[in-house]
Structures are given as C-alpha cells and as structure tokens.
Amino acid sequence: GMALALLSNPHNAIPAPNLPLGLAAIEKAKAIGAKSERERDYVDALSVMYVDYDKTPHQARVQSYLKKMEALAAKYPDDDEAQIFYAITLNVSASPADKTYANQLKGAAILEPIWQRQPMHPGVAHYLIHLYDYPAIADKGLTAAFQYAKIAPNAPHAQHMPSHIFTRVGYWKDSIAANLASVSAAKASREGGDQLHGQDYLVYAYLQLSQDNAAQQVIGNVEATQPDPESFPGAYARAASPARYVVERGDWKGAASLDVKPNKFPQTMAISYFARALGAARSGDPAAARAEIAKLTGIRDSLREAKSSYWAEQVDVQIQTANAWALYAEGKYDDALKAMSAAADAEDNTEKSPVTPG
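To start, this report covers the structure provided alongside it. (Residues numbered from 1 in each chain as written. Predicted model: local features only at pLDDT ≥ 70, side-chain atom pairs only at ≥ 80, totals over all residues. Heavy atoms only, no water.)

A word on the overall build of the protein
Within the protein, the regular secondary structure consists of 19 helices and 0 strands. A compact globule built from 358 residues would reach a C-alpha radius of gyration of about 21 Å, and the protein, at 21 Å, matches this within 12%. Expressed as lengths along the three principal axes of its C-alpha atoms, the size of the protein is roughly 70 × 45 × 40 Å. For the protein, buried positions account for 51% of its 358 residues. In the protein, the proportion of contacts linking residues at least 24 apart, taken out of those at least 6 apart, comes to 58%. Carbon and sulfur atoms make up 53% of the accessible area of the protein, which amounts to about 16,600 Å² in all. The average position of the 35 basic charges and that of the 40 acidic charges among the side chains of the protein differ by 2 Å. (Helix = DSSP H or I, 4+ residues; strand = E, 2+ residues; numbered from the N terminus. Rg over C-alpha atoms; globule rule 2.2 N^0.38 Å. Buried < 20%, exposed > 50% of the residue type's maximum accessible area, 1.4 Å probe, protein only. Contact = heavy atoms within 4.5 Å. Areas by Shrake-Rupley, 256 points an atom, 1.4 Å probe, with all protein chains shown as cover. Lys, Arg positive; Asp, Glu negative; His and termini not counted. Charge placed at Lys NZ, Arg CZ, Asp CG, Glu CD.)

What follows is the structure, encoded as structure tokens:
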C-alpha cells in the first residue's frame, strides 16, 4: 500500500524522491512474507515499477506493470480491486497516438459493471473519468462526472475531476462550479497543488465564456501562490494560466513579454517560451520569435536526453507551430503554410496529458 501511494499520480512519472522509498517498501513487503498467494501476486506486480528504476525507463516499467496487472486481474476475476487497478493501468499505459482509444474503452468496460454493484466506490468513478477523458468518448463519462463529487465531497481532487469531462464536452458552467468547489476544499486542507490545478481549469473555462475579468482574477491568485517545488500540476498551472490568457485573447504584445517562471519541469517553462514566440511573431518581430524557438529547441533536446519522449514530442509541436508563425512574419507565406500543416499533423497524432485541460 505504501509503495502504491508512492507512485503519486500514476499518469505522471514517479517523483524521483519516491523511487528509493517505494523500492524499500516493496523489499520490506517481500522480506516480511505475504500470508497468501494473492498478496504475493500484488507485491510482485507492483515491484516492477521500482526494481531497477535507475536502469529502466519509466514507460518501459509501466508496460511491464500492465502485463503484471493483466495477469493478476485474469487470475482473480472475482477480485474487484484487481480489476480496478488493471483498468487504470490500461489508461496510464495507453499510447497518445492511438485514436481508437482501445485501452481506455477496455478499461471502462471492466469498471462499468463494478460501478453498478458499487455505486459509491470513489476509485471506480475517478478512474472512469480518466478513461473517458478524450474528446471522442467524453460523453460516456458524464454520469461518473456528475456522481463523483457527491461520493467524496471533502476531497479537492474529487471535486475537480468531473471538470475533465465537462471541459471535453463544453459544459463550462459545470466546470467552473466543480473547480470553485475544488479550490475552496484545497485551500481549506492546504493542498497547494490541487488548488493551482483547479485554478488552471477555472481560467480555461472562464475564457471560453469570455469572462476575462474572472479569469484575470484567478491568474492573480495563481501567481501569488507559492507552489510545492515537486508539484507538476502546480508548475503547469503557473505557466499555462497566464499564457492562455494572453494567447486566447490575441494579446500578442502581452504574450511576447510573458514572464518565465523557473522550476524543475522544463516542459512547463516551454509553455511560456511558446507563448512568447507566438507573441513575438504575431507582433511582427520574427527575430525575437527565433530567440524563443531556440530556447524551446534546447528544452526539447534535454527532454529527449532524459527519455521523456511524450513531453519532448509536445515541445517539438510547439517549435513547429512557432516556426510557422515566424516564417509568416518573415513574409515566407508558402513555407509558413507547409510548416503549419506539418505542425497540425504532428498535433493530430498525439493526445493531451491527463494533467492539462487542453
């Protein structure tokens, strides 16, 4: 249980400080000795997320864990918890390039009958929202979205999660209500990462309704909040919210002068450099845009070296998009169109991260 909790959000890489702690917990569990074969199988399955973590990339360990959970779920078909953990692992391990959503639909098909039997199970509702958090299948998650907040009314994340579905289907007022409740609960329990995460979704929703003043007020709160340096959602919110505000409103001068907030997550700083590059190009300053693109290129290359392939790909899409606008600003219209077509194709071939509203 401790090792499982140390995964943190399973949709992200395990925080580096948690890796040796998780491995120690697994080793201790094995040393104590499980009292049943089922318990041994659970420990053995999770062990692949920690054993040789310094040699095996995270995604490779996730794929190994998927195979272990598939075998566990098959071996214990009447164990709902085995099925539930297998279902969320199907989502965690899904390829962002698979637009059939085969893994996600398989996981949802496992959970739906369990939910009928256990309608107040918070894990099932939570995981169904994750499994349906894709534009093509999001409407299937509306029932879970409307139910989850009622199941766990004091949990900031439970209040927030329905907005993943509301955002996909354009239920902006419901998204705002969900995240206002989440932010309030997060402040009460001093959970800064959840607070910033909910505020990021609030900014997104307010902008869709042209409630710019409300969005700006939230951004002020975001920028005044000191995030946990280990919180990826917090760092993401502090970069994405102000970038969204200037880009979606076409404030290109504001975008070009956006602050970059240094943190340990280069993919979040890339959001700021991307907005600055767009702002410079759209303001008619391709040279300044090229300077920002160079910074994005450095971040992409560092992410590739770190084997963070998903985020390297996302930053590469940003580079292609910004380059297209820089070409346009230089008057190279045909080249710009070709570059933007390639950028659009690259973006079509991937999927958003579960932490992001868009």
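Section: the nonpolar core
L46, M49, Y50, L111 and L128 are the most contacted members of the largest nonpolar core, which totals 54 residues. The dominant element in this core, judged by the number of residues it contributes, is helix α5 (residues 80-92), at 7 residues. The residues contacting Y50, other than those within four sequence positions of it, are A3, L6, L7, I14, N18, L19, G22, L23 and I26. (Core = buried A, V, L, I, M, F, W, Y, C linked by side-chain atoms within 4.5 Å.)

Some details on the packing of helix α18 (residues 309-329) against helix α19 (residues 333-348)
It is at 8 Å that the axes of α18 and α19 come closest, and there the two elements cross at 165°. Taken as axis vectors, α18 and α19 run roughly antiparallel relative to one another. You can see that α18 and α19 cross each other, and the crossing is left-handed. Residues V317, Q320, T321, N323, A324, W325, L327 and Y328 of α18 lie in contact with α19, whose contacting residues are Y333, D335, A336, A339, M340, A342, A343, A346 and E347. For the contact of α18 with α19, a count of residues per class yields 12 nonpolar, 3 polar and 2 charged. (Axes fitted to C-alpha atoms, helices over the stretch in contact; angles between N-to-C directions. Parallel < 35°, antiparallel > 145°, perpendicular 65-115°, else oblique. Left-handed = near helix turned anticlockwise from the far one by under 90°. Nonpolar A, V, L, I, M, F, W, Y, C, P; charged D, E, K, R; others polar.)

Quick notes on unusual backbone geometry
Its identity as a non-glycine residue notwithstanding, Y101 has a phi of 55°, on the positive side. Considering the arrangement of structural elements, one finds Y101 in the loop between α5 and α6 (102-117). Of the residues examined, Y101 reaches a relative accessible area of 7% and is grouped as buried. Of note in the backbone geometry, K307 takes a positive phi value of approximately 65° without being a glycine. Relative to the elements of secondary structure, K307 occurs in the loop between α17 (286-305) and α18.

A closer look at the pattern of salt bridges
A complete count under the given rule lists 20 salt bridges for this structure. Residue K295 is joined to E292 by a salt bridge in which the shortest nitrogen-to-oxygen separation is 3.7 Å. With K295 and E292 both in helix α17, this residue pair falls 3 residues apart, about one helical turn. A salt bridge links E330 to K332, with the nearest nitrogen and oxygen atoms 3.6 Å apart. Looking at E330, the relative accessible area reads 31%, which means it is partly exposed. Looking at K332, the relative accessible area reads 42%, which means it is partly exposed. Residues joined in a network through salt bridges with shared partners are R300, D301, R304 and D316. (Salt bridge = Lys/Arg side-chain N within 4 Å of Asp/Glu carboxyl O.)

Brief notes about helix α4 (residues 58-75)
Here α4 spans 26 Å end to end across 18 residues, near enough to the 26 Å set by a 1.5 Å rise per residue. Along α4, the residues that are buried comprise H58, R61, V62, Y65, L66, M69, L72 and A73. Each buried residue of α4 lies within a common arc of 150° when the element is viewed along its axis, so the set occupies one face. Facing away from the buried side of α4 by more than 90 degrees, the exposed set consists of K67 and A74. (Expected span 1.5 Å × (residues − 1). Arc of directions from axis to C-beta.)

Quick look at the environment of I151
Tracing the backbone through its elements, the reader meets I151 in helix α8 (residues 142-151). Spatially, the C-alpha atoms of I151 and G123 are 9.9 Å apart, while their sequence positions differ by 28 residues. The contact partners of I151, leaving out residues within four places of it in the chain, are P119, M120, H121, P122 and A125.

A word on the side chain of Q318
Relative to the helices and strands, Q318 resides in helix α18. Apart from residues no more than four positions distant in its own chain, Q318 is found in contact with A270, I271, F274 and L296.

Comments concerning the packing of α6 against helix α7 (residues 122-131)
In the contact formed by α6 and α7, the axes pass within 9 Å of each other and the chain directions differ by 155°. It follows from the interaxial angle that α6 and α7 lie roughly antiparallel. In terms of crossing hand, the pair formed by α6 and α7 is left-handed. Touching N103, Q104, G107, A108, L111, E112, I114 and W115 of α6 are V124, A125, Y127, L128 and L131, all from α7.

Focus on the environment of D335
Looking at the secondary structure, you find D335 in helix α19. Sequence separation between D335 and A324 is 11 residues, and the spatial gap between their C-alpha atoms is 7.6 Å.

Looking at the packing of aromatic side chains
In this structure the tally under the stated criterion is 11 aromatic pairs. Ring centres 5.0 Å apart and planes at 50° place the aromatic pair F146 and F166 in the tilted group. Note that F146 is positioned in helix α8 and F166 in helix α10 (residues 162-169), a separation of 20 residues in sequence. Ring geometry for W325 against Y328: centres 5.7 Å apart, planes inclined by 75°, an arrangement best described as edge-to-face. In this pair, W325 and Y328 are both assigned in helix α18, 3 residues apart and thus about one turn of the helix distant. Taking the relative accessible area as the measure of exposure, Y328 reaches 44% and is therefore partly exposed. Members of the aromatic cluster, connected to one another through ring pairs, are F232, Y236, F265, Y310 and W311. Stacked on the ring of Y245, the Lys or Arg R249 has its end atom at 4.1 Å from the ring centre. Geometry around W325 places R282 over its ring, the cationic atom sitting 3.8 Å from the centre. (Phe/Tyr/Trp six-rings, centres within 6.5 Å; stacked < 30°, edge-to-face > 60°. Lys NZ or Arg CZ within 6 Å of the ring centre and 35° of its normal.)

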